[in-house]
Amino acid sequence: MADHTSPDYFSCTLCVNLLRDPVAIPCGHSFCMDCISGYWNEADYTGIYICPQCKITFTQRPVLRPNATLSMVAEKIKKSGLNLNVHAPQGNGYAGPSDVPCDFCSGKKLKAVKSCLNCLASYCEKHLKPHYESATFKRHKLVDELGNLDRKICPQHQKSLELFCRTDQMCICAICTVSEHKGHDIVSAEAERSEKQKLLGISTSEIKQKCQERVKELEELKTAVDSLKNSAQRAMVESQKMFEEMIRSIERMRSEVTKLIGINEKAALNQAEALVERLEQEIDELKKKESGLKQLYSTDDHIHFLQNFNYLCTPADDGFIPKVTVNPDFSFGAVRKAVAAIKERLEEFGREELMMISKTVNDVPVYTTESRTLDRRSKGQDHNMTTLDRRSKGQDHNMTTVDRSHANPEPRSRADFIKYFCQLKLDPVTAYKELSISEHNRKVIRTRDLQPYGENPERFDSFAQVLCREGLSGGRFYWEIEWSGEFSIGVAYRGISRKGKGSLCLLGYNDKSWSLLCSDTGYSAWHNRVDKAVSGPHSPRIGVYLDHNAGVLAFYSIGSSMTLLHRFETTFTEPLYPGFGVGTSVKICNVK
C-alpha cells in the first residue's frame, strides 16, 4: 500500500509531476486530467484502455471524474512551495530538437526510447511499460525510436504499410493488393528488404571507392594548386629579375650614348678652338701687314719705300693654315633619330611580346573538366575525373574526351573574334624580290623594281608571295587584312616549297597550305590543287580565324556585317604560317 506521506502519492505517474486537475479512474489511481486523457486518446483506435499504473484493462473508456480531495491537497502543497517533483527527469531526459518525443507525454515531452510499428507511436521508458507487461501488446513489434511514423501508414487506406510492390517500386498495405496493385509482383517488405540489402553492400563498396577517388583527386588538385602558386611566385620573381636586368642594360646603353655624344662634342670643340686660335693669329698678322702697307703707300721717303716694299708686298703663305669648312649636314640629330628608333622598336617589340605572353597565359587552360560517365559493364564504377591541364607544366596532354567546343564555343560576333586577335609581321626573308615591305613589316606592295634582298633558301623566287614570321599552333588566332588587286590569303606549313616555277610553291596548290583567292570578280578556296567556288559579298577587308587544335580555318568578308566566305575543317599537324600572294598591295590591320 502506498505511503500517503510519500511524494509519489501526490504525483502523476504519466508526467511525473505534481497532480494538476487530478481525476480518479475506476481502479482507484489518480492522474492529471490532461495526461490520462491524452494517454487514452492514443488508444481510441484499439478500443482497449489500460491503467498506466496497475495495468487493469477496461473494454470501455472510463468516465473521468475530478478528485476534489486530491485537488485541495495538491493546491495546498503547491502554495506551500514544497518540491515533490523528485522523479522529474534531469537535463537530457526531455526530447530535444533532434530527438524523437514520446507521443504519450503531455506538456514537455520526454525522449522516446522505442517505437511500436503496430501502434505507430513512440514511447518513453515509463509509457513503454504496457508493451512489456500487458499481454495485449506482446505481439506488437518494437524498434528503436523512429520519427515520421505517419509515413508507415498507407495514405489511401490508412493501414500499415507491410508489403512491397515490385511492379511500381513502392510500399503498400494489404488492401492495396486487391485494388490499385492487383495482379502486380508483390512481396513482403521483409523479403524485399533482404533482396535490396544485398545490393547495399555493393553500393557501399562503390561509394567507398568513389570517396577514395575523390579524396585522391582532392589531394592531386591541392598539390597542383600549390605547384601553381609556386610556379606563379617563381615566374614573378624571375620576371622581376629579368626586367631589372633589362632596365640596367638600357641604363648602360643610355650611358654609352651619352658618353659617345660627350666625347664627340669635346673633340669637335677642341678642334674648333685650335682652328679659331690659329685663324685669330693670322688675322692679327694680316691686319698689321695691312697697316704697314697703308703707311708705306703714304710715305714721302723714297728710300724707305723701296727698302720695305719687298717685305710688305710679299704674298702670305696659305699652305700652313688649312681652310676650314663646316659641314652643314653635321648635327647630333642622327643620334636623336637613332635613339628614337631604338625606343620605338623596343616599345613595339614589348607590345608584341606582351601580347604573345598574354595569349599564352590566357589561351592555355589551367584546368580542363571531363564529364563523368558511368560504365558498369566495363568497370562498374563512376569515372568522373577533374584534371589539371598538364600543358601548364610544359607537358603535352591530349584529352580526346573533352568537348572543347562546348567548354569554349566558337566565336559568333566580330567582338568575339577580336578576343583572339594576334598581331602578325611579314618576314622579309621569305619575300619575293618584287615585293616592297613597309610600315614596320605590316604592309607589302608589288613593284616592278627588284628589292635589295639577299639570297635565302626560305625566299620565294618565282611567285609574288610572302609569309609571316609567326608560326601559329596550339590555340585560337584571328587577324584581318586590307587588299587591292587580285591576291591570295592563307596559311602554310614551314615546309612549303619556295624555289622554282612549279605550282607546288603556290599557296593552296599543295598539301602543305590552304588559301582563299580573292579578286574583284569573286572568291575561290584552294587546297592541294582542288578549288571550290565561293560566293559572298566583295570587301576590301578579309578576316581569318584559325583554331589549330580543332582543325578549323575560316575566312570572313568584313563590312557592315561579318559574312563567312569559306571554312576548312581538317587536322593540323604542324605550326601554320600566315601568308599572302600579292597582286597590288596587302596590309595587316591592327584591330585593337
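None of these values were measured; they are calculated from a predicted model. (Residues numbered from 1 in each chain as written. Predicted model: local features only at pLDDT ≥ 70, side-chain atom pairs only at ≥ 80, totals over all residues. Heavy atoms only, no water.)

**Student:** For the overall build of the protein chain, give the residues involved together with the corresponding values.
**Tutor:** In terms of regular secondary structure, the protein chain is built from eight helices and 26 strands. By the burial criterion, 31% of the 592 residues in the protein chain qualify as buried. Within the protein chain, residue pairs in contact and separated by at least 24 positions form 54% of the contacts whose partners lie at least 6 positions apart. For the protein chain, the computed accessible surface area is about 37,800 Å², with 54% contributed by carbon and sulfur atoms. (Helix = DSSP H or I, 4+ residues; strand = E, 2+ residues; numbered from the N terminus. Buried < 20%, exposed > 50% of the residue type's maximum accessible area, 1.4 Å probe, protein only. Contact = heavy atoms within 4.5 Å. Areas by Shrake-Rupley, 256 points an atom, 1.4 Å probe, with all protein chains shown as cover.)

**Student:** Give me the lowdown on the pattern of salt bridges, citing residues and values where you can.
**Tutor:** Under the counting rule described, the total for this entry stands at 19 salt bridges. With a shortest N-O distance of 2.8 Å, K433 and E455 are connected by a salt bridge. A residue pair is termed long-range when its members are at least 10 positions apart, and K433 in the loop between helix 8 (414-418) and strand 14 (435-438) and E455 in the loop between strand 15 (443-446) and strand 16 (465-467) qualify at 22 residues. Residue classification places K433 among the partly exposed residues on the basis of a relative accessible area of 25%. (Salt bridge = Lys/Arg side-chain N within 4 Å of Asp/Glu carboxyl O.)

**Student:** Describe the packing of aromatic side chains, and please don't skip the residues or the numbers.
**Tutor:** Throughout the structure, instances matching the rule amount to twelve aromatic pairs. Aromatic side chains F417 and Y478 sit 5.4 Å apart centroid to centroid with 40 degrees between the ring planes, which places their arrangement in the tilted category. Of this pair, F417 sits in helix 8 while Y478 sits in strand 17 (residues 476-484), placing them 61 residues apart in sequence. Taken as a pair, F417 and Y478 share a single burial class, namely buried. Classification of F417 as buried rests on a relative accessible area of 1%. Ring pairing ties together the aromatic residues F417, Y478, Y545 and Y556, which thus form one cluster. (Phe/Tyr/Trp six-rings, centres within 6.5 Å; stacked < 30°, edge-to-face > 60°.)

**Student:** Can you lay out helix 1 (residues 33-41) for me, pointing to particular residues and giving the numbers?
**Tutor:** Taken residue by residue, helix 1 has C35, I36, S37, Y39 and W40 as its buried positions. Next to the buried residues of helix 1 lie strand 1 (22-24), strand 2 (30-32), strand 3 (49-50), strand 4 (57-58) and helix 3 (125-133).

**Student:** Would you mind going over the environment of I418 in detail, with residue names and values included?
**Tutor:** Turning to its location among the elements, I418 is positioned in helix 8. Placed 59 residues apart in sequence, I418 and F477 show a C-alpha to C-alpha distance of 8.9 Å.

**Student:** Residue-level account of helix 4 (residues 189-298), with values.
**Tutor:** If you check helix 4, its first and last C-alpha atoms are 155 Å apart, about what 110 residues at 1.5 Å a residue would give, namely 164 Å. Listed as buried for helix 4 are E192, E206, E217, A224, G292 and L296. (Expected span 1.5 Å × (residues − 1).)

**Student:** How would you explain the sheet that holds strand 9 (residues 163-165) if you had to name every residue and give the values?
**Tutor:** Spatial strand order, 10-9-11: three strands in an open sheet with antiparallel pairing. The open sheet has two edge strands, strand 10 (170-172) and strand 11 (186-188), and neither has a second partner. Neighbour-to-neighbour, the strand axes of the sheet open up by a mean angle of 35 degrees, direction not taken into account. Relative to strand 11, strand 9 runs antiparallel, the two sharing three bridges. For F164, the partnering residue across the bridge sits in strand 11 and is V187. Most of the contacts of helix 4 go to strand 11, to which it runs at about 90 degrees, and overall it touches strand 9 and strand 11. (Pairing = 2+ DSSP bridges. Axes fitted to C-alpha atoms, helices over the stretch in contact; angles between N-to-C directions.)

**Student:** Please set out the side chain of E434 residue by residue, giving values where relevant.
**Tutor:** Position of E434 relative to the elements: it lies in the loop between helix 8 and strand 14. Looking at E434, the relative accessible area reads 14%, which means it is buried. For E434, the residues in contact, after removing those within four places along its chain, are I445, R446, T447, R448, D449 and L450.

**Student:** An account of a negative patch on the surface is requested, with residue identities and associated values reported.
**Tutor:** Side chains of E277, E280, D284 and E285 sit close together on the surface and give a patch of like negative charge. Mapped onto the elements of the fold, D284 is located in helix 4. Residue D284 is classed as partly exposed on the basis of its relative accessible area, which comes to 45%. (Patch = residues over 30% accessible without salt bridge, like charges linked within 9 Å, V, L, I, M, F, W, Y side chains within 5 Å. Lys, Arg positive; Asp, Glu negative; His and termini not counted. Charge placed at Lys NZ, Arg CZ, Asp CG, Glu CD.)

**Student:** Which residues make up the sheet that holds strand 6 (residues 114-116), and what values go with them?
**Tutor:** Taken together, the three strands give an open sheet; going across it, the order is 7-6-8, and neighbouring strands pair in antiparallel fashion. A single partner strand is all that each edge strand has here, and the edge strands are strand 7 (121-123) and strand 8 (142-144). In this sheet, adjacent strand axes meet at a mean angle of 35 degrees when their direction is disregarded. Bridge analysis of strand 6 against strand 8 gives three bridges, and the strand direction is antiparallel. Bridge assignment links C116 to a residue of strand 8, and that residue is L142. Contacting strand 6, strand 7 and strand 8, helix 3 crosses the sheet at an angle of about 110 degrees to strand 7.

**Student:** Tell me what's going on with unusual backbone geometry, and back it up with residues and numbers.
**Tutor:** The backbone phi angle of E439 is positive, close to 50 degrees, even though this residue is not glycine. Looking at where E439 falls in the secondary structure, it is placed in the loop between strand 14 and strand 15. We note that H440 has phi near 55 degrees; this positive angle belongs to a residue other than glycine. Turning to its location among the elements, H440 is positioned in the loop between strand 14 and strand 15. Taking the relative accessible area as the measure of exposure, H440 reaches 41% and is therefore partly exposed.

**Student:** Can you tell me about the side chain of S513, naming the residues and giving the values?
**Tutor:** By the element assignment, S513 lies in strand 19 (residues 513-519). Accessibility expressed as a relative area gives 0% for S513, which makes it buried. One polar contact links S513 to N510, side chain to side chain, over a distance of 2.8 Å. What S513 contacts, discounting residues up to four positions off in sequence, is V491, A492, I496, L506, L507, G508, W526, H527 and N528. (Polar contact = N/O pair within 3.5 Å; in protein donor to acceptor, adjacent residues only side chain to side chain.)

**Student:** Tell me what's going on with the confidence of the model for the protein chain, and back it up with residues and numbers.
**Tutor:** Averaged over every residue, the pLDDT of the protein chain is 81; residues scoring 70 or more account for 84%. Looking across the protein chain, the model is least confident in strand 13 (residues 385-388), with a mean pLDDT of 33, and most confident in strand 16, with 97. In the model, residues 85-92 has pLDDT below 50 throughout and makes eleven contacts with residues more than four positions away in sequence or in other chains. Ignoring residues within four places in sequence, the model shows residues 374-407, a span with pLDDT below 50, making 56 contacts including any to other chains. (pLDDT = per-residue confidence, 0-100.)

**Student:** How would you summarise a nonpolar patch on the surface if you had to cite specific residues and measurements?
**Tutor:** Taken together, the side chains of I250, M253, I342 and L346 define a hydrophobic patch exposed on the protein surface, amounting to about 320 Å² of accessible area. The residue M253 is located in helix 4 in this model.

**Student:** Talk me through the pairing of strand 18 (residues 487-492); I want residue IDs and the actual numbers.
**Tutor:** Of all the six residues making up strand 18, six are buried; the element is thus mostly covered by neighbouring parts of the structure. Where burial is concerned, the two faces of strand 18 agree: the one with F487, I489 and V491 and the one with S488, G490 and A492 are both buried. Two strands pair when backbone bridges link them, and strand 18 and strand 19 are joined in this way by six bridges, in the antiparallel orientation. The partner of F487 across the bridge, within strand 19, is C518. With five bridges connecting them, strand 18 and strand 25 (residues 577-581) associate as antiparallel partners. Residue pairing across strands places I489 opposite F580, the latter belonging to strand 25.

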